[in-house]
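Tertiary structure, described
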Amino acid sequence: MRTPIRTAALVTTAVSLALLVTACGGGKESGDKGKGAESAPASSAPAAEALSAAELDKLIVETADLKGHQVQKAKADDIVSADKVTTDEAACAPIAHAMSFISPGSAAASAQRQVLEEPKKSATASPEDALLNGLGVHITAVTLGSYDGQGAQEAFASVKKAGTECAGGFTVVHAQEKTKVSKVEPVSVTAGDESVAFTVTSDMEGRPFVSKLVVLRKGNALASFSTITVASGGVKVLPTAVIDAQVKKLG
């Protein structure tokens, strides 16, 4: 699967998930809490030194942490450097990066996972119904970054600012593939030391493609969650289970 900015292979991934439906269980999701981005009070604790990539690999969510989900390491060709993801408005780059397996700002190290919601199992479902069920699952790109000094606070602030300045949309070029983001709308969320969430509407072959983006800070770590689906209407709820599991693992 490509990252949420690059959606060319999304349908193939969803169909592959649908074919696994008879071997998978289902999970529950919680709805959005409403409009208006919110955050918990910022931590007053001093910033620690950044963790290494190996240390982050132990702290990022895995299958054992999430009932009803499968977690995979992001593929090498899904991860690009920050200079390969550019925007026509510089202020919008933090959002584009958070949606693209890139930790916003100047992370010292990062880790990436792809979290796939398991299709609901039904012994009586026809192959066609199983396929449609599989197409409706949510896929979340999780990126966990660690920062030195006040880097995490600064990176979070840049994402929050981008949500306001880029509400009317922007254009992203991801490894030479251009995507038009038409709208960025705030969604209420409370997680970690501070958090922000958005509904992101992009243009996909002339049709609106709706995804969710959540970015939270916990100490000197920043976690990004970008959720997509090919179901009609796009993503309607935040990946609450994934967020809660990641916050718990960060301690």
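So, here's what we can say about the structure. Note that this is a predicted model, so its numbers are computed, not measured.

Taken across its eight residues, strand β9 (residues 221-228) has eight buried, putting it largely inside the fold. Because side chains alternate across β9, one face comprises the buried residues Ala221, Ala223, Phe225 and Thr227, and the other comprises Leu222, Ser224, Ser226 and Ile228, equally buried. Looking at chain direction, strand β4 (residues 139-146) and β9 are connected through eight bridges and run antiparallel. Within β9, the position partnered with Ser146 by the bridge is Ala221. In the sheet, strand β8 (residues 207-218) pairs with β9 via seven bridges, with the strands oriented antiparallel. If you follow Leu216 over to β9, its bridge partner there is Ala223.

Turning our eyes to something else, we now look at helix α6 (residues 240-250). All of the buried residues in α6 are Val242, Ile243, Ala245, Gln246, Val247 and Leu250. Check the buried side of α6 and you find it contacts α2 (53-59), β1 (69-73), β3 (109-117), β4, β8 and β9. Phi turns positive one or two residues past the end of α6, at Gly251, with a value near 80°.

Applying the stated criterion across every chain, the model contains six salt bridges. Among the ionic pairs, Asp57 bridges to Arg113, the shortest N-O distance being 2.9 Å. Residue Asp57 is found in helix α2, and its partner Arg113 is found in strand β3; the two are separated by 56 residues along the sequence. For Glu194, the salt bridge is made with Arg217, and the minimal N-O distance between the two is 2.7 Å. Within this pair, whereas Glu194 is found in strand β7 (residues 194-204), its partner Arg217 is found in strand β8, the two being separated by 23 residues in sequence.

The subject of this paragraph is the sheet that holds β3. A sheet is described by the order of its strands in space; here nine strands give the open sequence β1-β3-β4-β9-β8-β7-β6-β5-β2, paired in antiparallel fashion. Whereas interior strands pair on both sides, the edge strands pair on one side only; in this sheet they are β1 and β2 (85-87). Going from strand to strand, the sheet's axes swing by 25° on average, the running direction of each strand aside. In this sheet, strand β6 (residues 177-187) lies alongside strand β5 (residues 170-174) in antiparallel orientation, the contact comprising five bridges. In the sheet register, His174 faces β6, and the bridge partner there is Glu177. Against the sheet, helix α5 (residues 151-165) engages β6, β7, β8 and β9, with an angle of about 45° to β7. Lying over the sheet, α6 contacts β1, β3, β4, β8 and β9, oriented at roughly 165° with respect to β9.

Conventions and cut-offs
- Residues numbered from 1 in each chain as written.
- Predicted model: local features only at pLDDT ≥ 70, side-chain atom pairs only at ≥ 80, totals over all residues.
- Heavy atoms only, no water.
- Buried < 20%, exposed > 50% of the residue type's maximum accessible area, 1.4 Å probe, protein only.
- Helix = DSSP H or I, 4+ residues; strand = E, 2+ residues; numbered from the N terminus.
- Pairing = 2+ DSSP bridges.
- Contact = heavy atoms within 4.5 Å.
- Salt bridge = Lys/Arg side-chain N within 4 Å of Asp/Glu carboxyl O.
- Axes fitted to C-alpha atoms, helices over the stretch in contact; angles between N-to-C directions.

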